[in-house]
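# Examination of the molecular architecture
For reference, the chains in residue letters:
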Amino acid sequence: MTETLVLPFWLELITAVLLITGSLFALVGAVGLVRLKDYFQRMHPPALASTIGAWCVALASIIYFSWLKDAAVLHAWLIPILLSITVPVTTLLLARAALFRKRVAKEPVPEEVSSGCDSGN
């Protein structure tokens, strides 16, 4: 026999709001990826939105499962912390690789990059 656990309404509401917020951030990132015209512009929405969305989902998970177990369930923080470290680094490396490929192919680079501090001045 299994006992069904009834959670308080406020806990379910907070969890649902956090999950919906995380989903909306993921949707905004996907729309930004599709709608923006340049590779360099397309890099930002998914990177920012996925990180914020992961924080919302992890917080919802922590709140929900901490209530169920009557103890702090903090190992879910590991995912957004690692995402917060790795996403900016990989975004920067991808941007530099794309910029290098454009410069080698003698294609025009974005204005902000060509007049930036790494132009050799």
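Small disclaimer: the values here were computed from a predicted structure and weren't measured.

Looking only at helices and strands, one finds five helices and zero strands in the protein chain. Start at the N end of the protein chain and walk to the C end: the helices and strands fall as α-α-α-α-α. Against the compact-globule benchmark of 14 Å for 121 residues, the protein chain has a radius of gyration of 20 Å, which places it well outside the compact range. Seen through its C-alpha atoms, the protein chain measures out along the principal axes to roughly 70 × 25 × 25 Å. The burial tally for the protein chain puts 24% of its 121 residues in the buried class. Restricting to contacts in the protein chain with at least 6 residues of sequence separation, those with at least 24 account for 61%. Carbon and sulfur atoms provide 71% of the accessible area of the protein chain, an area that totals close to 9,000 Å². Taken as two groups, the 9 positive and 8 negative side-chain charges of the protein chain have centres that lie 14 Å from each other.

Moving on: the pattern of salt bridges. Close approach of charged atoms allows side chains with opposite charge to pair. Scanning the model with the defined rule gives one salt bridge in all. Two residues, Glu107 and Lys102, come together in a salt bridge whose shortest N-O distance is 3.5 Å.

Tracing the sequence through the fold places Gly53 in helix α3 (residues 44-69). Exposure remark for Gly53: the relative accessible area of 6% places this residue in the buried category. Sequence separation between Gly53 and Ala98 is 45 residues, and the spatial gap between their C-alpha atoms is 26 Å. Aside from chain neighbours lying at most four places away, what touches Gly53 is Gly22 and Phe25.

This part takes up α3. Within an α-helix, residues lying three or four positions from one another point in the same direction, as the helix has 3.6 residues per turn. Compared with an ideal rise of 1.5 Å per residue, which puts 26 residues at 38 Å, α3 spans 37 Å between its outermost C-alpha atoms and is within 8% of the ideal. Those residues of α3 that fall on the buried side of the exposure criterion are Pro45, Ala47, Ala49, Thr51, Gly53, Ala54, Cys56, Ala58, Ala60, Ile62 and Ser66. Each element contacted by the buried residues of α3 is listed here: α1 (9-35), α2 (39-42) and α4 (78-104). Of the residues flanking the end of α3, it is Asp70, one or two places downstream, whose phi is positive at about 55°.

Turning our eyes to something else, we now look at the side chain of Ser66. Mapping Ser66 onto the fold places it in helix α3. Discounting chain neighbours no more than four positions away, the residues touching Ser66 are Ser61, Ala71, Ala72 and Val73.

The next point concerns the packing of aromatic side chains. Evaluation of the coordinates by the stated rule reveals four aromatic pairs. When the centroid spacing of 5.8 Å and the interplanar angle of 75° are considered together, the rings of Tyr39 and Phe40 count as edge-to-face. With a centroid separation of 5.1 Å and 90° between ring planes, the pair formed by Tyr64 and Phe65 is classed as edge-to-face. For Tyr64, a relative accessible area of 28% gives the class partly exposed.

Quick look at the side chain of Thr91 now. Its location among the elements puts Thr91 in helix α4. Excluding its chain neighbours within four sequence positions, the residues that come into contact with Thr91 are Met43 and Ala47.

Looking at the protein chain, pLDDT values average 85 and 90% of them are 70 or higher. Averaged pLDDT values over the elements of the protein chain bottom out at 62 in helix α5 (residues 111-114) and peak at 93 in α1.

The rules behind these values
Residues numbered from 1 in each chain as written. Predicted model: local features only at pLDDT ≥ 70, side-chain atom pairs only at ≥ 80, totals over all residues. Heavy atoms only, no water. Helix = DSSP H or I, 4+ residues; strand = E, 2+ residues; numbered from the N terminus. Rg over C-alpha atoms; globule rule 2.2 N^0.38 Å. Buried < 20%, exposed > 50% of the residue type's maximum accessible area, 1.4 Å probe, protein only. Contact = heavy atoms within 4.5 Å. Areas by Shrake-Rupley, 256 points an atom, 1.4 Å probe, with all protein chains shown as cover. Lys, Arg positive; Asp, Glu negative; His and termini not counted. Charge placed at Lys NZ, Arg CZ, Asp CG, Glu CD. Salt bridge = Lys/Arg side-chain N within 4 Å of Asp/Glu carboxyl O. Expected span 1.5 Å × (residues − 1). Phe/Tyr/Trp six-rings, centres within 6.5 Å; stacked < 30°, edge-to-face > 60°. pLDDT = per-residue confidence, 0-100.

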